[in-house]
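Close look at the chain arrangement
Chain by chain, the residues:
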Amino acid sequence: DAEITFAHFEKLMSLVTITFDAKKVSFIKTIFSHHETLELDLCCQLADYIELISSKQLDSYAPLIAQIIGGSPTLSSLSEHFFAKNTKAFFTTWSKIYNEYPEVFWISFWADNIWRAQQVVTFLKDKDFAQAKRAGFRLPYSFINRDWQKTKPQELAQAHEFLYHMDYAFKTGSTFCSLELFYLNHFNGKFAS
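No experiment lies behind these values; they were computed from the predicted model shown. (Residues numbered from 1 in each chain as written. Predicted model: local features only at pLDDT ≥ 70, side-chain atom pairs only at ≥ 80, totals over all residues. Heavy atoms only, no water.)

Structural notes on the overall build of the protein chain
The helix and strand inventory of the protein chain stands at 11 helices and two strands. For the protein chain, the succession of helices and strands along the chain, N to C, is β-α-α-β-α-α-α-α-α-α-α-α-α. Taking the principal axes of its C-alpha atoms as reference, the protein chain extends roughly 55 × 40 × 25 Å. Burial status across the protein chain gives 39% buried among its 193 residues. Contacts in the protein chain between residues far apart in sequence, at least 24 positions, make up 66% of those at least 6 positions apart. Surface summary for the protein chain: the accessible area is close to 11,400 Å², and the carbon and sulfur share equals 56%. Computing the positive centroid from 19 side-chain charges and the negative centroid from 21, the protein chain places the two 4 Å apart. (Helix = DSSP H or I, 4+ residues; strand = E, 2+ residues; numbered from the N terminus. Buried < 20%, exposed > 50% of the residue type's maximum accessible area, 1.4 Å probe, protein only. Contact = heavy atoms within 4.5 Å. Areas by Shrake-Rupley, 256 points an atom, 1.4 Å probe, with all protein chains shown as cover. Lys, Arg positive; Asp, Glu negative; His and termini not counted. Charge placed at Lys NZ, Arg CZ, Asp CG, Glu CD.)

Structure below.
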């Protein structure tokens, strides 16, 4: 699932053979007591952070962990809404995080996501699941699971070409509303035609 409970978190940790001492488990339970579920990618980040932090120092890192957990939406959720073509959820998330990164980041972020998505769609149509899984690294689980069927490879190719031209325009100093135009074209199906 894209959202998991503490019980699922424990199963996930045992699956990837990560074990936490009693203090760390208690800390994670406290986090889940404030949030019934957490996004899967956020749980993986949480596990990485808590695994690296000494149990003795855990309390001093609590504010940082709380900021990460309760902070702004993740890039993964933005990407998930983008590929699901969920306009309302996308722009709600976008409005919260677009200022956190410069425009050049967004161009690179979408170019990478779309390039990977195009490979995933091609591999899944050919029923090459192993290659699709490799190509889908950093893409939202929902895209690999179901949303890839909403997308045609030529649509992704046109979107990637648009981003290429955006990148060139950015580097030559003329990017007037280019991201907005990119999103407008995507959600209105202009790349599909």
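Once you've had a look at it, read on.
Side note on the packing of aromatic side chains
With the rule as written, the count across this model stands at 29 aromatic pairs. Each ring, one from Phe-82 and one from Phe-90, has its centre 6.0 Å from the other, and the planes form 55°; the classification is tilted. Residue Phe-82 is classed as buried on the basis of its relative accessible area, which comes to 1%. Exposure remark for Phe-90: the relative accessible area of 0% places this residue in the buried category. Centroid distance Phe-162 to Phe-182: 6.0 Å. Interplanar angle 25°. Geometry classified as stacked. Linking Phe-162 in helix H10 (residues 153–171) with Phe-182 in helix H11 (residues 178–187), this pair joins segments that are 20 residues apart in sequence. The exposure class of Phe-182 is buried, given its relative accessible area of 0%. (Phe/Tyr/Trp six-rings, centres within 6.5 Å; stacked < 30°, edge-to-face > 60°.)

Overview of unusual backbone geometry
Its identity as a non-glycine residue notwithstanding, Thr-17 has a phi of 55°, on the positive side. Mapping Thr-17 onto the fold places it in the loop between helix H1 (6–15) and helix H2 (22–34). Taking relative accessible area as the criterion, Thr-17 reaches 67% and is therefore assigned exposed. One non-glycine residue, Lys-127, lies in the positive phi region at around 60°. Looking at where Lys-127 falls in the secondary structure, it is placed in the loop between helix H7 (103–125) and helix H8 (129–135).

Some remarks on the pattern of salt bridges
This structure, assessed with the given rule, holds six salt bridges. Between Glu-155 and Lys-85 there is a salt bridge, with the nearest N and O atoms lying 2.6 Å from each other. On the criterion of sequence distance, the pair formed by Glu-155 in helix H10 and Lys-85 in the loop between helix H5 (75–84) and helix H6 (87–97) is long-range, its members being 70 residues apart. Between Asp-112 and Arg-116 there is a salt bridge whose closest N-O contact spans 3.2 Å. Of the two residues, Asp-112 and Arg-116 both sit in helix H7, four residues apart, roughly one turn of that helix. What makes Asp-112 partly exposed here is its relative accessible area of 26%. (Salt bridge = Lys/Arg side-chain N within 4 Å of Asp/Glu carboxyl O.)

Some remarks on the nonpolar core
If you look at soluble globular proteins, the nonpolar side chains tend to sit buried side by side. Ranked by internal contacts, the top residues of the largest apolar core, which has 30 residues, are Phe-82, Trp-110, Phe-182 and Tyr-183. At the level of secondary structure, the elements contributing two or more residues to this core comprise H5, H6, H7, H8, H10 and H11. The element contributing the most residues to this core is H7, with 10 residues. The next biggest cluster of nonpolar side chains, apart from the first, holds 21 residues, and it includes Leu-12, Met-13, Ile-18 and Phe-27. (Core = buried A, V, L, I, M, F, W, Y, C linked by side-chain atoms within 4.5 Å.)

Structural notes on the layout of surface pockets
By volume, the largest pocket amounts to about 1,200 Å³. As for the largest pocket, its lining consists of 40 residues, and the residues nearest its centre are Asp-41, Leu-42, Ser-76, Arg-138 and Leu-139. Breaking the lining of the largest pocket down by element, the ones donating at least two residues are strand E1 (3–4), helix H3 (40–52), helix H4 (58–70), H5, H7 and helix H9 (141–145). A total of seven residues in the lining of the largest pocket trace back to one element, the largest contributor, which is H3. (1 Å grid on protein atoms, 1.4 Å probe; cavity = no way out; pocket = protein on both sides within 12 Å on 5 of 7 lines; lining within 4 Å. Points joined across faces, edges and corners; volume = space filled by probe spheres on them.)

Without other data, these values stay purely geometric and don't point to any function.
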